[in-house]
Amino acid sequence: MKYRVLCSTILFLLIGCSSAPKGPLEVRAQRRMGLSQLEAANTETERGNYETALALISEAQRLAVSADDPALIIRTALSRGDILSYLNRPVEAQAAFDGALGEAERVGNTELAAVSRIYIARSRLRGGGNAMELRDQVRRELSLIKKEQTDLALGWTVMGLAEKELGRWSDAENGIKNALDIHVKGGYLEKAAYDWYLIASIRSVSGDYQGALNALEEALSYDRRAENTYGLGTDWKAMGDVYKKAGKGPAADIAYRRSADIFRSISMEKEAAEVEGRIGG
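Rules and cut-offs
- Residues numbered from 1 in each chain as written.
- Predicted model: local features only at pLDDT ≥ 70, side-chain atom pairs only at ≥ 80, totals over all residues.
- Heavy atoms only, no water.
- Helix = DSSP H or I, 4+ residues; strand = E, 2+ residues; numbered from the N terminus.
- Expected span 1.5 Å × (residues − 1).
- Buried < 20%, exposed > 50% of the residue type's maximum accessible area, 1.4 Å probe, protein only.
- Contact = heavy atoms within 4.5 Å.
- Salt bridge = Lys/Arg side-chain N within 4 Å of Asp/Glu carboxyl O.
- Axes fitted to C-alpha atoms, helices over the stretch in contact; angles between N-to-C directions.
- Parallel < 35°, antiparallel > 145°, perpendicular 65-115°, else oblique.
- Left-handed = near helix turned anticlockwise from the far one by under 90°.
- Nonpolar A, V, L, I, M, F, W, Y, C, P; charged D, E, K, R; others polar.

Trainee: I'd like a description of helix H11 (residues 209–226), backed by residues and values.
Mentor: The end-to-end C-alpha separation of H11 is 26 Å, in line with the 26 Å expected for 18 residues at 1.5 Å each. Listing the buried residues of H11 in full gives Gly211, Ala212, Leu213, Ala215, Leu216, Ala219, Leu220, Tyr222, Asp223 and Ala226. For H11, the elements touching its buried residues are helix H9 (169–186), helix H10 (189–205) and helix H12 (229–245). Immediately beyond the C-terminal end of H11, within one or two residues, lies Glu227, with a positive phi of roughly 55 degrees.

What follows is the structure, given as structure tokens:
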């Protein structure tokens, strides 16, 4: 009898333990939605749809705050600052970058603090800041980034742009190519296309027009694979500019017309008209 009671008790405990409801260890639905919105915003930024990107990043920020996720709060603030920079709203952009840096420092996230300072350095470089000083600062920040490869790529891009401002063409191109290697390995087609666009700009400024055209062909290849219409229109526009600088007016006009047609295909009438104004000039 005692044996039966003991067995029944053990069986009850086993059944009771195995059938007890188990809740999830973590519920991260808001964070996942925030990340999705952040990625969508970044994609729209790369495609020149800045107003759409701003709406998406605003929702991403709301979700980041709602989930009280410091890393996502920082990332969304940095993307917001980037978008505002493209919209020529520098004061608001700086406030977003400063907010990201403040949050990173508050939670003691060394890497995201370094990334925030890289964004700020790029903003200052665009505004005519001391290129040598900013280059050296970004080099220091790069040593703090251990995890996210795209953050390293951003740092190398800013380094390359600073070297371009200093007229150090080879170093400038090498910096962008370091970013390009990361983007190609990671399958970031649109970012790789933009890297080649920047390389073309460096070569064009240095007077290497054929090298610039070759780089723009690479940019076109990546933008075609990504179906990045805005990038394609921009690449053809840049190609027209390089042809014009090289004294090849007819080829420049062909490139400008192609660019205008591409912009018009996505209802970017302002951009199309601007490019058409360069034809025959």
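Trainee: Quick one: what's the story with the pattern of salt bridges, residue by residue and with numbers?
Mentor: Evaluation of the coordinates by the stated rule reveals 23 salt bridges. Residues Glu274 and Arg278 are paired through a salt bridge, measuring 2.9 Å at the closest nitrogen-oxygen approach. Taking relative accessible area as the criterion, Glu274 reaches 36% and is therefore assigned partly exposed. Each of Arg135, Asp136, Arg139, Glu163, Arg168 and Asp171 takes part in salt bridges that share partners, so that together they form one network.

Trainee: Please set out H10 residue by residue, giving values where relevant.
Mentor: Under the 1.5 Å per step criterion, the end-to-end length of H10 is 25 Å for 17 residues, consistent within 8% with the ideal 24 Å. Those residues of H10 that fall on the buried side of the exposure criterion are Glu190, Ala192, Ala193, Asp195, Trp196, Leu198, Ile199, Ala200, Ile202, Arg203 and Ser204. At its buried positions, H10 is contacted by helix H2 (29–46), helix H8 (149–165), H9, H11 and H12.

Trainee: How would you sum up unusual backbone geometry? Please name residues and give values.
Mentor: Phi at Asp68 takes a positive value of approximately 55 degrees, unusual for a residue other than glycine. Its location among the elements puts Asp68 in the loop between helix H3 (50–67) and helix H4 (70–86). Taking the relative accessible area as the measure of exposure, Asp68 reaches 57% and is therefore exposed. In this structure, Glu227 takes a positive phi of about 55 degrees despite not being glycine. Relative to the helices and strands, Glu227 resides in the loop between H11 and H12.

Trainee: Got a sec to walk through the packing of helix H7 (residues 131–142) against H8? Specific residues and values, please.
Mentor: It is at 9 Å that the axes of H7 and H8 come closest, and there the two elements cross at 160 degrees. One way to sum up the angle between H7 and H8 is to call them roughly antiparallel. The element H7 and its partner H8 pack so that their crossing is left-handed. Between H7 and H8, the residues in contact are Ala131, Arg135, Val138, Arg139 and Leu142 and Leu152, Gly155, Trp156, Val158, Met159, Ala162, Glu163 and Glu165, respectively. For the contact of H7 with H8, a count of residues per class yields eight nonpolar, one polar and four charged.

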